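If you want the building blocks of each chain, they are given just below.
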Amino acid sequence: MANDPNLSTRYQLGSLANKGALARLALIGVAILAVVGCFAFVGGWLSPYRLTQARMIDRFEQVNGVWPGFRRNHAKGVCIAGYFNSNGEGVQLSTAAVFRAGRVPVIGRLSLAGGHPYMADGPAAVRAMGLAFRPPSGEEWRTAMIDIPVFIVKDPEGFYEQLLASQPDPATGKPDPAKIKEFLNHHPETARALQIVQANPFSSGFANASYNGLHAFRLVNAGGASTPVRWSMVAVDPFEPEPPAQPAAQDKNYLFDAAIARIERAPVAWRLVLTIGEAGDPSNDATIPWPSGREHIDVGTLTIDNIGGEAPGNCRDVNFDPLVLPSGIEPSDDPLLSARSAAYSTSFTRRAGEPKKPSAVQTPDSGKGA
Ligand code: HEM
């Protein structure tokens, strides 16, 4: 074979001596290297200290352990469904279909912040509401909100560091005060935000909690005018403060069980309220509240009339990515938004490929879902 005189003709080896062919081969080599380089860069192999979405999710797993099939944050939750009755007031600000007067089907999820799916409900856990508005003839809008008035970090790096700083010490089951102090020394914005959070008492349950989007977004109307807004789902159920004595010892799911009982008794409502930003209001820092005198516009009512266990195809398999936005709603320059979107995607990809275990929260129709 090696001495076959026809070999070089058959495989056109002679053409390799040709300068043009060599240049083409070199170009192909450069193109392959460029593609490999891009993968290496995106994968973080070239910059071991750069905060990537994979590293962010690795940190959740480092702190909470790996719970296959569950969200890496807000792991404990229950599915909800209902509808949003828009009163049409949002149309002046945005072309998004969700703001046109009428009814829009909604699915969602109530959850507790934290990466442990079997954690006990408790007064200190931040409560949350993820929603997907699905107008029959329009683009979907997703939002994931929490029941504190400001966020506690202003950028993804701060979030990454605070996850480790607040990791419970195995000896005490509580975060190490020295590590928290060290973190706060370097993050005065978190110390200020915590003061605001502590000044606002938690409500007694999921149904009478108000949930805040916290980030600024921009609404764009038919004339192209762009308005900075923040939004909140304001509870219609009257506020009652968290009782001082917690029944958690008897029922690890007391908050979820109360929400299930409440929604099964009668639908629960929230008002979607937009806060209109003015010049100088920070759009890139969710730790800073906007001045209290800002205009509020009530754009409609969310009604939740269905609650059910996480199951295949329902809220369990939705990624409530805050950047799934219809035209007419645009992101602001808040650096947390793209970091969240990227991290949620990695969490979703990991959990989607893992075997599933039942949620800690069981409803009468668990298995069928909301
Ligand atoms: C850099 C900051 C943040 C990171 C890295 C982060 C990370 C995550 C992750 C990994 C999930 C699970 C996603 C999934 O598997 O579907 C999640 C869920 C959630 N996050 Fe965040 N988060 C951040 C900031 C925030 C903020 C500022 C809010 C509120 C305004 C928020 C509200 C929520 C809610 C409500 C859920 C649960 C949604 C659901 O039920 O699927 N997060 N977060």
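Quantities reported herein were computed from a predicted structural model and do not represent experimental measurements. (Residues numbered from 1 in each chain as written. Predicted model: local features only at pLDDT ≥ 70, side-chain atom pairs only at ≥ 80, totals over all residues. Heavy atoms only, no water.)

Chemist: Hey, could you run me through the overall build of the chain in this one?
Modeler: Regarding its fold elements, the chain presents eight helices and ten strands. Put simply, the chain has 370 residues, and 47% of those count as buried. Taking contacts inside the chain between residues at least 6 apart in sequence as the whole, the part at least 24 apart equals 75%. If you sum the accessible surface of the chain, you get close to 18,300 Å²; carbon and sulfur atoms cover 60% of it. (Helix = DSSP H or I, 4+ residues; strand = E, 2+ residues; numbered from the N terminus. Buried < 20%, exposed > 50% of the residue type's maximum accessible area, 1.4 Å probe, protein only. Contact = heavy atoms within 4.5 Å. Areas by Shrake-Rupley, 256 points an atom, 1.4 Å probe, with all protein chains shown as cover.)

Chemist: Teacher, can you tell me more about the coordination of the iron atom of the ligand here?
Modeler: Coordination angles at a metal have ideal targets, namely 109.5 degrees for four tetrahedral donors and 90 or 180 degrees for six octahedral donors. Of the protein atoms, Tyr 344 (OH) alone serves as a donor to the iron atom of the ligand, at 2.1 Å. Mapped onto the elements, Tyr 344 comes out in helix α8 (residues 335-352). (Donors = N, O, S within 2.8 Å, 3.2 Å for Na, K, Ca; no water.)

Chemist: Explain the site of the ligand here, please?
Modeler: If you check the shell around the ligand, you find 26 residues, and the closest are Arg 71, Arg 109, Tyr 344, Ser 347 and Arg 351. At a separation of 3.4 Å, a nitrogen atom of the ligand approaches a polar side-chain atom of His 74. Arg 109 is positioned with one of its side-chain polar atoms (N or O) 2.7 Å from an oxygen atom of the ligand. Those elements giving two or more residues to the shell around the ligand turn out to be α3 (53-64), β2 (102-112), β4 (141-146) and α8. It is α8 that contributes the most residues to the shell around the ligand, seven residues altogether. (Near = heavy atom within 4 Å. Polar contact = N/O pair within 3.5 Å; in protein donor to acceptor, adjacent residues only side chain to side chain.)

Chemist: I would appreciate a short explanation of the side chain of Arg 340 in the present structure.
Modeler: Take Arg 340: it is sitting in helix α8. Despite its burial, Arg 340 remains without a salt bridge, the nearest opposite charge being carried by Asp 321 at 7.4 Å. Polar side-chain contacts of Arg 340 include one of 3.3 Å to the backbone oxygen of Ala 144. Excluding its chain neighbours within four sequence positions, the residues that come into contact with Arg 340 are Ala 144, His 215 and Pro 322. (Lys, Arg positive; Asp, Glu negative; His and termini not counted. Salt bridge = Lys/Arg side-chain N within 4 Å of Asp/Glu carboxyl O.)

Chemist: Looking at this structure, I do not really get the packing of α3 against α8. What am I missing?
Modeler: Between two packed helices, what matters for the description is the angle formed by their axes and the separation of those axes. At a closest axis distance of 8 Å, the pairing of α3 and α8 adopts a crossing angle of 65 degrees. Crossing angle aside, the handedness with which α3 passes α8 is right-handed. For the pair α3 and α8, the contacting residues are Gln 53, Ala 54, Met 56, Ile 57, Asp 58 and Glu 61 in the first and Ala 342, Ala 343, Ser 345, Thr 346, Ser 347 and Arg 350 in the second. Per-class residue counts for the contact of α3 with α8 are five nonpolar, four polar and three charged. (Axes fitted to C-alpha atoms, helices over the stretch in contact; angles between N-to-C directions. Left-handed = near helix turned anticlockwise from the far one by under 90°. Nonpolar A, V, L, I, M, F, W, Y, C, P; charged D, E, K, R; others polar.)

Chemist: Looking at this structure, how should I read a nonpolar patch on the surface?
Modeler: Judged by side-chain polarity, Leu 22, Leu 25, Ile 28 and Ile 32 come together as a nonpolar surface patch covering roughly 380 Å² of accessible area. When you line up the elements, Leu 25 lands in helix α2 (residues 19-42). (Patch = residues over 30% accessible without salt bridge, like charges linked within 9 Å, V, L, I, M, F, W, Y side chains within 5 Å.)

Chemist: Teacher, can you tell me more about the state of the cysteines here?
Modeler: Here a disulfide denotes one covalent bond, and it connects the sulfur atoms of two cysteines. Inspection of the entire model under this criterion finds one disulfide. Paired by a disulfide, Cys 79 and Cys 315 hold their sulfur atoms 2.0 Å apart. Between Cys 79 and Cys 315 the disulfide shows an S-S torsion of about -80 degrees. By sign, it is left-handed. Here Cys 79 is found in strand β1 (residues 76-86), whereas its partner Cys 315 is found in the loop between β9 (296-308) and β10 (329-331), with 236 residues between them in sequence. Judged by its relative accessible area of 1%, Cys 79 is buried. (Disulfide = S-S within 2.5 Å.)

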